[in-house]
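# Summary of structural features
In case you want the letters, here they are:
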Amino acid sequence: MVRMTASPGRRVLLAAPRGYCAGVDRAVIAVEKALEQYGAPVYVRHEIVHNKYVVQTLEKKGAIFVERTEEVPAGNIVMFSAHGVAPTVHEEAKRGRLATIDATCPLVTKVHKEAVRFAKEDFDILLIGHEGHEEVIGTSGEAPDHIQLVDGPEDVARVEVRDPSKIVWLSQTTLSVDETMETVDALKERFPQLISPPSDDICYATQNRQLAVKQMGAEADLVIVVGSRNSSNSKRLVEVAKLAGAREAYLVDFADEIDEAWLEGVSTVGVTSGASVPEILVEQVLEWLSQRGFEDVEIVKAAEESITFSLPKELRRDLRAEAAELASEPDGDN
């Protein structure tokens, strides 16, 4: 372990915006409100957002995270995460006699609706995203017969379509803009008539956080991204930082994961956080750096964010009563 001494030349570039986006804020508050209104337990299918600290904090309050809808006992409340779910999951909840709260990010819902619309018009839909990611699984489930996944430019060669004049691309919202457009360019080279979605699928928060990192990456010797390893948008920030010119970039969940050896020869540290990261974790990183001589903090502002989303409408209902009523129904086809 390298022990660093204070130096007057050291500074921190702090990205703005960073941390919670409107969709994550909405989803986390939705779990807290559900626990407050209905009491524990409230079941959540998959992690509500991809952040270890958030999940652990909500578990302490009474949230129970499950991987499959079938794990939730009949007569309970289950919430769907910000990443969205396929229609089959809603059907599973109905068969399981569960009251549901849909905390899908409205920007993900927009992509779902686009998928349904283009499928109805009989388009082949090329979904740019990472295989196995919850958002990709949910979007694909909206029109499984029309959607095929394209996981990067290297996947383009294997794409097969029925009619090259009737294809459209959609994308996972948490990818990097550059990564997505590289795949789109490769697709357009093969399919010149490829149609783009009516609006950019990459969410505003993902774009803004990447833009801030690009601005500070050229000046930073080291970039620390606060976020979990299963967070797609957090991992993208590490990649964007390196491409922008940072000598090194690392992803950490907590300040105590930072290795002091990373600071060797470093005068400028960039700090940012993924869209599912609470600000307290960033503050702990800034404190850790301050204790090692990095006390001068400069804000790198890329955009203003004022978007907010209303909470899921299901929270206005008596879901405990609904769940009890569902549990008392005869099995029927179950």
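Note: the structure precedes this text.
Below, the structure is looked at part by part. (Residues numbered from 1 in each chain as written. Predicted model: local features only at pLDDT ≥ 70, side-chain atom pairs only at ≥ 80, totals over all residues. Heavy atoms only, no water.)

Turning our eyes to something else, we now look at the pattern of salt bridges. Under the criterion given, the structure shown has 22 salt bridges. Across the salt bridge formed by Glu279 and Arg18, the nearest N and O atoms sit 2.9 Å from each other. Of this pair, Glu279 sits in helix H9 (residues 279-290) while Arg18 sits in the loop between strand S1 (11-16) and helix H1 (22-38), and the two are 261 residues apart along the sequence. Given a relative accessible area of 30%, Glu279 falls into the partly exposed group. A relative accessible area of 21% places Arg18 in the partly exposed class. (Salt bridge = Lys/Arg side-chain N within 4 Å of Asp/Glu carboxyl O. Helix = DSSP H or I, 4+ residues; strand = E, 2+ residues; numbered from the N terminus. Buried < 20%, exposed > 50% of the residue type's maximum accessible area, 1.4 Å probe, protein only.)

With that out of the way, let us pick up H9. For H9, which comprises 12 residues, the first-to-last C-alpha distance of 16 Å matches the rise-based estimate of 16 Å (1.5 Å per residue) to within 8%. Within H9 the residues assigned to the buried category are Leu281, Val282, Val285, Leu286, Trp288 and Leu289. Summarising the axial view, the buried residues of H9 lie within an arc of 160°, below the 170-degree limit, and thus occupy one face. Looking at the buried side of H9, the elements it contacts are S1, helix H2 (52-61), strand S9 (222-226) and strand S11 (268-273). (Expected span 1.5 Å × (residues − 1). Arc of directions from axis to C-beta. Contact = heavy atoms within 4.5 Å.)

On to the packing of helix H7 (residues 204-217) against helix H8 (residues 232-243), then. Relative to each other, H7 and H8 sit at 25°, their axes nearing to 9 Å. Here H7 lies roughly parallel to H8, going by the angle between them. Viewed along their axes, H7 and H8 form a crossing whose handedness is right-handed. Across the interface between the two elements, Thr206, Arg209, Gln210, Val213, Lys214 and Gly217 from H7 touch Asn233, Arg236, Leu237, Val240 and Ala241 from H8. (Axes fitted to C-alpha atoms, helices over the stretch in contact; angles between N-to-C directions. Parallel < 35°, antiparallel > 145°, perpendicular 65-115°, else oblique. Left-handed = near helix turned anticlockwise from the far one by under 90°.)

What follows covers the nonpolar core. The biggest cluster of nonpolar side chains holds 32 residues, and the ones touching the most others in it are Val31, Ile48, Val49, Met79 and Ile101. Elements with a contribution of two residues or more to this core: H1, strand S2 (42-45), H2, strand S3 (63-66), strand S4 (77-80), strand S5 (99-102), H7 and helix H10 (319-328). When residues in this core are grouped by element, the largest group, 9 residues, is from H1. (Core = buried A, V, L, I, M, F, W, Y, C linked by side-chain atoms within 4.5 Å.)

This part is about the pairing of S1. Counting buried residues along S1, 6 of its 6 residues qualify, which places the element largely inside the surrounding structure. Where S1 meets strand S12 (residues 296-301), 6 bridges bridge the pair, whose relative direction is parallel. Counted as the bridge partner of Leu14 is Ile299 from S12. (Pairing = 2+ DSSP bridges.)

What follows covers a negative patch on the surface. Together, Glu154, Glu182, Asp185 and Glu189 make up a region of like negative charge exposed at the surface. For Asp185, the position within the fold is in helix H6 (residues 177-190). (Patch = residues over 30% accessible without salt bridge, like charges linked within 9 Å, V, L, I, M, F, W, Y side chains within 5 Å. Areas by Shrake-Rupley, 256 points an atom, 1.4 Å probe, with all protein chains shown as cover. Lys, Arg positive; Asp, Glu negative; His and termini not counted. Charge placed at Lys NZ, Arg CZ, Asp CG, Glu CD.)

Okay, the packing of aromatic side chains next. Applying the stated criterion to the full structure yields 2 aromatic pairs. Centre to centre, the rings of Phe118 and Phe123 are 5.3 Å apart; their planes meet at 75°, and the pair counts as edge-to-face. As far as the burial class goes, Phe118 and Phe123 line up, both buried. Arranged with centres 3.8 Å apart and planes meeting at 5°, the rings of Tyr250 and Trp262 form a pair that is stacked. Within this pair, whereas Tyr250 is found in strand S10 (residues 248-252), its partner Trp262 is found in the loop between S10 and S11, the two being separated by 12 residues in sequence. (Phe/Tyr/Trp six-rings, centres within 6.5 Å; stacked < 30°, edge-to-face > 60°.)

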